[in-house]
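Structural features, examined
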Amino acid sequence: MVHYMNIFQLSYKNLLRRKLRTTFTILGITLSAWVLITLLGFNNGYENSLNKDIEGMGFQIVLTAKGCPYEAATLMLKGGTGLRYMPEEIVQGVANDPDVAQTTAMLMHAEFDPDKGENGGTIVYLGIDIPSYPELKPYLTFKQGAWFQNAAERKVVLGFEAAELEQREVGDSMLLPGSAEEYQVVGILKRTGTQDDGMIFLPLKTVQKVFNKEGQLTMLGIRLKQTADANAFEEKLYSLPDVQVVSMAQVKNTILGLVSSAKVIVLSIAFIAFVIAMFGVLNTVLMSVFERYQEIGILKSMGALPKDIFVMILIETTLLCTLGGILGISLAFVFSGASEMAIRFFLPFTPNGNLILITTPTVVWSFLTIALIGIIGGIYPAQRAAHIRPLDAIRSE
Amino acid sequence: MNIITAKNLTKIYARGVEKVFALNDASFVIKKGEILSITGASGSGKTTLVNILGCLDNPTSGVLTVAEQQVFGEQKELSEAALTLIRRQYFGYVFQKFFLIPTLTVQENIMLPSIFQKNLQTNLQNLQPTLEILGLTQRARHLPAELSGGEMQRVAIARALINKPQVLLADEPTGNLDSKRSDEIKNLLVTLNREQGITIILVTHNPDLAKIGSSAIELLDGKILKKSC
Ligand SMILES: Nc1ncnc2c1ncn2[C@@H]1O[C@H](COP(=O)(O)OP(=O)(O)OP(=O)(O)O)[C@@H](O)[C@H]1O
Ligand SMILES: [Mg+2]
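How each quantity is defined
Residues numbered from 1 in each chain as written. Chains lettered and ligands numbered in written order. Predicted model: local features only at pLDDT ≥ 70, side-chain atom pairs only at ≥ 80, totals over all residues. Heavy atoms only, no water. Helix = DSSP H or I, 4+ residues; strand = E, 2+ residues; numbered from the N terminus. Rg over C-alpha atoms; globule rule 2.2 N^0.38 Å. Buried < 20%, exposed > 50% of the residue type's maximum accessible area, 1.4 Å probe, protein only. Contact = heavy atoms within 4.5 Å. Domains from an automatic or database assignment. Buried area = accessible area lost by both parts, 1.4 Å probe. Salt bridge = Lys/Arg side-chain N within 4 Å of Asp/Glu carboxyl O. Axes fitted to C-alpha atoms, helices over the stretch in contact; angles between N-to-C directions. Parallel < 35°, antiparallel > 145°, perpendicular 65-115°, else oblique. Left-handed = near helix turned anticlockwise from the far one by under 90°. Nonpolar A, V, L, I, M, F, W, Y, C, P; charged D, E, K, R; others polar.

1. Focus on the overall build of chain B
Each helix and strand counted, chain B has seven helices and ten strands in total. Taking 229 residues into account, the globule formula puts the C-alpha radius of gyration at 17 Å, and chain B, at 17 Å, falls close to it. Seen through its C-alpha atoms, chain B measures out along the principal axes to roughly 50 × 40 × 40 Å. Considering chain B as a whole, with its 229 residues, one finds that 55% of them fall into the buried category. Pairs at least 24 apart in sequence give 69% of the contacts found in chain B among residues at least 6 apart.

Printed below as a string of structure tokens:
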């Protein structure tokens, strides 16, 4: 509309002149914005879900038999193989320590089941102590039934996924490997989104007996009193023979260390994508300035000041970047599920829950970064355009 | 009253080691309200002269005064912005090529100077009369590509006039037009001069068009060969 003409209109109409070129430039920015947001979302999400997994354990410190610390870490979070054992007697000393609020002893047994999944899989049996285990994990709630009542019964509680896999309901009975006796299912847990979903829970004594591990434990979970100094307490435990102390903070750092190298690679990719996008903007805008050499000269003969032309070109780049940024952010949201699957595929250990968590500050910061990149890419062409003289246009034939 | 005074204007281009006097010691005055026609063979320096008069180009030496204000001369060179302000205040330009913005309609092209000069609202009141004078009322919403050459040049003239400049500079305004369209433009220029008192500086090869000048300058190799009133 002629009544509301302004410099902004000139800019955007110019972008419409070369639709294909404009589209490709915007696409370039879209892609780099997408990569950036997804990466930052991953940064948030990974740590966040790792924290959640770790808090879900209900205890801050775990004692295990001596072994590789990384193995111990995954053992706790996923229920791994290569289990080692320590004597039950250890519990008493630790439980009586004044810093300790509660302990819970566990015996884990992993069994390969050729019928599980397509290629077989590991079934994890966890012997737990009643009532300390449920007390430490109050968030474990039941879809059906309840916990067994004492430590030696032939009763079973199934995690949500384990129940689906075994196709059992409360009241059904099931067999354990290497035992002819039947065990009764007394409870099925609700889905928690943690490693607990896949477990088969049994009374501690039962597991010790069935799998010939009497008097032995794989783990002792320890929750400290609020007032206790975790570091000092850990120091005390190091004096115990043949056990290792794994604190959750340590587990977290070990795992974060493992993924940090992957992050560096992705960060470099994002950086490269950004540099490319910036040169894309610079190239597009510079080309359109050269194409409009005469036109810009004429605008100046009509009274446009250098700063008017500078602003006009900068608006063009800002428009490109804003559009690309908005599209990229939208893509990041739309495809966060797919990106998450890709990350799970490539990383050695991934916690449960949302790996990509896109927060408002992430969106705002990314958007500002993209806008800034665009403006930087636009400054040189805008500068060139601002200094075109009317005469250059008139004389150029 | 003199609107423009030119004193010893000289423009030298270096072509390799050789010096080309595109304009050689030109002195004259232009009175307010006159039509000055500038003629001469190709390469005689017409464009060079008119660009300097319109403050689009600077002379190598000499003094140019526009409405009592020295634009080029002994004093320090004016900045690009200062020159722009002088151009805004006094001049409208028309060239052999029309230089319309292809993405804007006729009326938008005409209003274009106003968005830089921040007088859009005032100039909108001039839009209808200007369209009428130039016979473009029916074409207001068309794009340049939909116009004939004569119409395009009329749009360019309208654009030059929208700010009501005191001086209209036209460098071969009919150079790209056939004789019928040229006549239209000629009559238009005469009308503008008579009815609105606009000073016109007109460069042309066309002797018929040159006749409308109330005074005339003929150039030869950058020198003023003949001056007449
Ligand atoms: N940028 C330049 N560099 C070098 N020489 C130039 C430049 N511009 C013009 N000239 C020379 O200056 C002289 C005058 O040129 P000018 O364009 O003023 O002539 P003109 O009378 O307008 O010609 P025409 O009728 O062809 O438009 C010519 O010899 C031309 O070659
Ligand atoms: Mg010329």
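2. Let's talk about the domain arrangement of chain A
Under the domain assignment used here, chain A contains domain 1 (2-52 + 258-395) and domain 2 (67-241). For domain 1 of chain A and domain 2 of chain A, the distance between their C-alpha centroids amounts to 51 Å.

3. Concerning the interface of chain A and chain B
At the junction of the two partners, chain A supplies 28 residues and chain B supplies 33 residues. For the pair chain A and chain B, the summed buried area comes to about 2,900 Å², and 67% of that belongs to carbon and sulfur atoms. It is Val2(A), Met5(A) and Met302(A) that lose the most area in chain A upon contact with chain B, and together they represent 22% of the buried surface on that side. Linking chain A with chain B are four salt bridges.

4. What to know about the packing of helix α2 (residues 19-55) of chain A against helix α11 (residues 306-334) of chain A
Residue and element names in this part refer to chain A. The interhelical angle for the contact between α2 and α11, taken along N-to-C directions, is 45°, at an axis separation of 7 Å. Here α2 lies oblique to α11, going by the angle between them. Crossing hand, α2 versus α11: right-handed. Along its contact with α2, which presents Thr22, Thr25, Ile26, Ile29, Thr30, Ala33, Trp34, Ile37 and Thr38, the element α11 presents Leu320, Cys321, Leu323, Gly324, Gly325, Leu327, Gly328, Ile329, Leu331 and Ala332. Class assignment for the residues of the contact of α2 with α11 results in twelve nonpolar, seven polar and no charged.

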